[in-house]
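# Analysis of the macromolecular model
Take a look at the letters that make up each chain.
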Amino acid sequence: MNALWTLISLSAIVAATALPKADLDWWQTAVFYQIYPRSFKDSDGDGVGDLKGITEKFDHLKDIGVDGVWLSPMYPSPMADFGYDISDFKNVDPIFGTLEDFDELLAKAKELGIKLILDFVPNHSSDEHEWFVKSLQKIDPYTDYYMWHDGRLDDSGNRIPPNNWQAAFGGPAWTWRDERQQYYLHRFDPKQPDLNYSNPAVVEDMTDVLRFWMDRGVDGFRVDVILCLFEGPIDVPDTETGPPQNLPESYDMVYKWRKVLDEKSAELGTTEIFMLEVYGNTEELMAYYGTPDNPGAHFPFNFKFITDLNGGSSAYDFSNVINDYLSNMIDNRTPNWVLGNHDQHRVATRYGPELVDGMNFLAQLLPGIGVTYYGEEIGMENTYITWDQCRDPQGINAGPEHYLERTRDLERTPFQWDDTTSAGFSTNSTTWLPVNENYKELNLAAQKAAEKSHYKVYKQLTELRTTATIRQGGTQVNALSEKVLAFARFLEGEDSYIVLVNLGDQTETVNLKNAFDWLGDTVTIYAVNIQSQHMPGHTHSTTDFEIAPKEAFVFTTGTL
C-alpha cells in the first residue's frame, strides 16, 4: 500500500517516511471547489450568475487555497433541470455568456495557477438536443441514439411501458411519443432522455465532447451519474422500481474514457483529471478506480460524510467509516473527502453551524483530496424557500405539501459576498433563488474583517495542507469516547498534527496520550473552531484535556 495513505500501527509510527515529491501528481493533494454557476456571481444584473461573474471573483479561490475548480453545467439548456438537460454539449448557454467568456475564465484560471474542470453529463441530453429531435423523426444516424421501446400490451390490450421503472424525479421512467409510436427512457426528468451507449456512434460523439473541451484547454471532468450509463435488460418483470445501476458496461466505459484523457495528458505533460459522481457500496465504488494496468477514474467521490454519517453519528461511527474507507486505498488509490454538493443540504444544516469548522478539519486534513462546495468556506446554511419560489423539478414534482423534503434549491442559493443588495451576488434585488436572510451577518466581507471566522479557519487548513505531513504522512483515527473523535497525521522528520472534535453536546475530558502513546506531555494549538475560547499558540497537556460541546482543535506535536 502506498505509504501516503497507510494507516499504520502505533508501534510502526517511526517507520513513516516521506515520499519523493515527484511521486505525487497535482491532483492527489488538491482542494477542489465546486461552483454552481447560477449562484456564484451575477455580472449583468439579471439575477442569475454567469461566467463573467465567476471570472470577476476568481481571485477569492486563489486566496482560500483552491487548486482546482469544478463548474456545474454551463452548456445550452432549456433548464428543465437547471443545466443537466443539455441541448448542445459544445457551447455555452447565453444566460451564462459565450464561448469567448469561457475562454476568458479559463485564461484567468491559468493565470492564477488553478485547474478548471467541467461537468460531463453523459447519461442523457435534453429532449431539445438536435440528436433527440432527429431521433424522434427516425433520421439516421440518430434513429437509435436513445433508448426507444415499443412497450407491451396489458391484459386489456392497452399499450403500456415495457416495465414499471420509476424516474428519480418521480413518475414513470418511460414517456410515450406519438411521432415514433414508441416510449423513450428517462431516468430523471422527461426532458432528459437517456442516451443509448450500446450504439458505437453515441460513444464516439460523447468521447468527442471530451476531446473538444480538452482541446480548448480544460483540465479534466467531473462525470455526472456514471452509475446510470447502462440499463441492462429492459423486458423485465414488474418487480423493480428503477433500472439497475453500476453495471459492468459502465465500468468499461470509464476505462475507455480514461485512456482518452491519458492520451491528452501525455500530449500536454500534465494530468487531465477524471472524477466521478457515484453512489453505491464500497465494492462498487472501488471498482471505478480500475487497476494499475487498466485504470479507471482518478477517483470516485467519497460521499461517506453525506450518506453514512450525520449530526447524530457517534465518534465510533466516524472512526469506523473513515478507517474502513482508508483500508480500501490500495494499489495507489487516492482518497477524497466530500462534505456537500448541489444535491445535498449544506454542512451547517446537516451537522449544525457549530460543527462547520470541525467538519472542515476532517475533510481537509485527512489524507488525499478535499472537496468544497461553494459557500462552505464561510459556513453558508440552507435557505428556506416557499412553494412559489421552488425551481427544482425534484421538489416541484413532490407537490406543495412535500416539496421541502425533495427540493435541492435550499443548498443552491446565491453566494453571500457582503451585506449589500442581494448579498453582493447581484445588483438586482430579485435573484433566481432568494438570498438567505442571514446574509447581513453571514457573508465573506464580514468574515474577512472579523477576528475569528470560518473563512480564516479554512485558510489555515489549506495552508496546512501544503506541508509534507498532510500531503504524505500516515494516519491514525481513534474514537476517544462516544462523541469525541481524534486523528493523527505524522511523518518522520516533520511536525505531526492531532485533530480533535467533540461531536456531542457535553463537555468532556480526554486523554490524548492513551490514544496516541507516542505523544509527548504537551501539544500546541494550531487552529480552533470559531466558537472555542482557546487561542492558537497555547500549549496544553496531552493527558488531561477538557473539550467543550462541538469544539474542534488542530494541535501540532512537534517533530517526530
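Look up: the structure comes first, before these words.
Now for a look at the structure at hand.

Scoring rules and cut-offs
- Residues numbered from 1 in each chain as written.
- Predicted model: local features only at pLDDT ≥ 70, side-chain atom pairs only at ≥ 80, totals over all residues.
- Heavy atoms only, no water.
- Helix = DSSP H or I, 4+ residues; strand = E, 2+ residues; numbered from the N terminus.
- Rg over C-alpha atoms; globule rule 2.2 N^0.38 Å.
- Buried < 20%, exposed > 50% of the residue type's maximum accessible area, 1.4 Å probe, protein only.
- Contact = heavy atoms within 4.5 Å.
- Areas by Shrake-Rupley, 256 points an atom, 1.4 Å probe, with all protein chains shown as cover.
- Lys, Arg positive; Asp, Glu negative; His and termini not counted.
- Charge placed at Lys NZ, Arg CZ, Asp CG, Glu CD.
- Salt bridge = Lys/Arg side-chain N within 4 Å of Asp/Glu carboxyl O.
- Pairing = 2+ DSSP bridges.
- Axes fitted to C-alpha atoms, helices over the stretch in contact; angles between N-to-C directions.
- Parallel < 35°, antiparallel > 145°, perpendicular 65-115°, else oblique.
- Left-handed = near helix turned anticlockwise from the far one by under 90°.
- Nonpolar A, V, L, I, M, F, W, Y, C, P; charged D, E, K, R; others polar.
- Expected span 1.5 Å × (residues − 1).
- Arc of directions from axis to C-beta.
- Phe/Tyr/Trp six-rings, centres within 6.5 Å; stacked < 30°, edge-to-face > 60°.

### Brief notes about the overall build of the protein
Of the regular secondary structure elements, the protein holds 17 helices and 21 strands. For the protein, whose C-alpha radius of gyration is 24 Å, the value lies close to the compact-globule estimate of 24 Å for 560 residues. Referenced to the eigenvectors of the C-alpha coordinate spread, the extents of the protein come out at roughly 80 × 55 × 50 Å. Burial status across the protein gives 59% buried among its 560 residues. For the protein, long-range pairs separated by at least 24 residues make up 68% of all intrachain contacts whose partners lie at least 6 apart in sequence. Looking at the protein as shown, the accessible area adds up to about 20700 Å², and 47% of this sits on carbon and sulfur atoms. One finds the centroid of the 44 positive side-chain charges in the protein at a distance of 3 Å from the centroid of its 85 negative side-chain charges.

### Re the pattern of salt bridges
Evaluation of the coordinates by the stated rule reveals 29 salt bridges. Across the pair Lys52 and Glu104 runs a salt bridge whose closest N-O atoms are separated by 3.6 Å. Residue Lys52 is found in helix α1 (residues 51-56), and its partner Glu104 is found in helix α3 (residues 99-112); the two are separated by 52 residues along the sequence. Owing to a relative accessible area of 41%, Lys52 belongs among the partly exposed residues under this scheme. The exposure class of Glu104 is partly exposed, given its relative accessible area of 43%. In this structure, the salt-bridge partner of Glu179 is Arg177, at a minimum N-O distance of 2.8 Å. Among the charged side chains, a network of salt bridges with common partners joins Asp81, Asp343, Asp392, Arg408 and Arg412.

### Details of the pairing of strand β14 (residues 474-479)
Buried residues dominate β14, accounting for five of its six residues. Two elements, β14 and strand β15 (residues 484-490), share six bridges in a ladder whose sense is antiparallel. When the sheet's bridge partners are listed, Val477 is paired in β15 with Phe487. Between the end of β14 and the start of β15, which pair antiparallel, lie four residues.

### A look at the sheet that holds strand β18 (residues 522-528)
Strand order in the open sheet formed by six strands is β14-β15-β16-β21-β18-β19, with antiparallel pairing between adjacent strands. The open sheet is flanked by β14 and β19 (539-541), the only strands paired with a single partner. Geometrically, the sheet is characterised by an average inter-axis angle of 30° between neighbouring strands, direction not taken into account.

### What about the packing of helix α11 (residues 356-365) against helix α15 (residues 454-464)?
At their nearest, the axes of α11 and α15 sit 10 Å apart, and the two run at 15° to each other. Overall, the two elements α11 and α15 adopt an arrangement that is roughly parallel. Where α11 crosses over α15, the handedness of that crossing is right-handed. Each of Val356, Asp357, Asn360, Phe361, Gln364 and Leu365 in α11 lies in contact with α15, whose residues at this interface are His454, Val457, Tyr458, Leu461 and Leu464. For the contact of α11 with α15, the per-class residue count stands at seven nonpolar, three polar and one charged.

### Quick notes on helix α5 (residues 200-216)
Between its first and last C-alpha atoms α5 spans 25 Å; for 17 residues at 1.5 Å apiece the expected length is 24 Å, and the two agree. Buried within α5 we find Val202, Val203, Met206, Thr207, Val209, Leu210, Trp213 and Met214. For α5, the angular spread of the buried residues around the axis is 135°, confining them to a single face. Set apart from the buried face of α5 by more than 90 degrees, the exposed residues are Pro200 and Asp215. Along its buried surface, α5 packs onto α3, β3 (115-120), α4 (130-136), β9 (220-223) and α6 (248-268). Trailing α5 by a residue or two, Gly217 shows a phi angle of about 125°, which is positive.

### Brief notes about the sheet that holds strand β4 (residues 148-149)
The strand order across the open sheet built from three strands is β4-β8-β7, with neighbouring strands paired in antiparallel fashion. On the outer flanks of this sheet lie β4 and β7 (174-177), each paired with one strand and no other.

### Description of the pairing of strand β8 (residues 182-185)
Residues Gln182 and Tyr184 line one face of β8 and the alternating positions Tyr183 and Leu185 line the opposite face, and both faces are buried. Where β7 lies against β8, four bridges are found, and the strand directions are antiparallel. By the bridge assignment for β8, Thr175 is matched with Tyr184. Hairpin remark: β7 followed by β8, antiparallel, with four residues in the connecting loop; positive phi at Gln181, about 55°.

### Things to note about the packing of aromatic side chains
A complete count under the given rule lists 43 aromatic pairs for this structure. Judged by centre distance (5.0 Å) and plane angle (85°), the rings of Phe545 and Phe553 are edge-to-face. Of the residues examined, Phe553 reaches a relative accessible area of 0% and is grouped as buried. One aromatic cluster is present, built from ring pairs that chain together Trp26, Trp27, Phe32, Trp70, Tyr279, Phe299, Phe301 and Phe303.

### Focus: unusual backbone geometry
Look at the link from Asp140 to Pro141: it is a cis peptide, with omega at 5°. For Pro141, the position within the fold is in the loop between α4 and β4. Within the chain, Met79 stands out as a residue other than glycine whose phi angle is a positive 70°. Within the secondary structure layout, Met79 lies in the loop between β2 (68-71) and α3. Look at Ala423: it is not a glycine, yet its phi comes out positive at around 60°. Tracing the backbone shows Ala423 in the loop between α13 (403-406) and α14 (444-449). Assessed through its relative accessible area of 0%, Ala423 is described here as buried.

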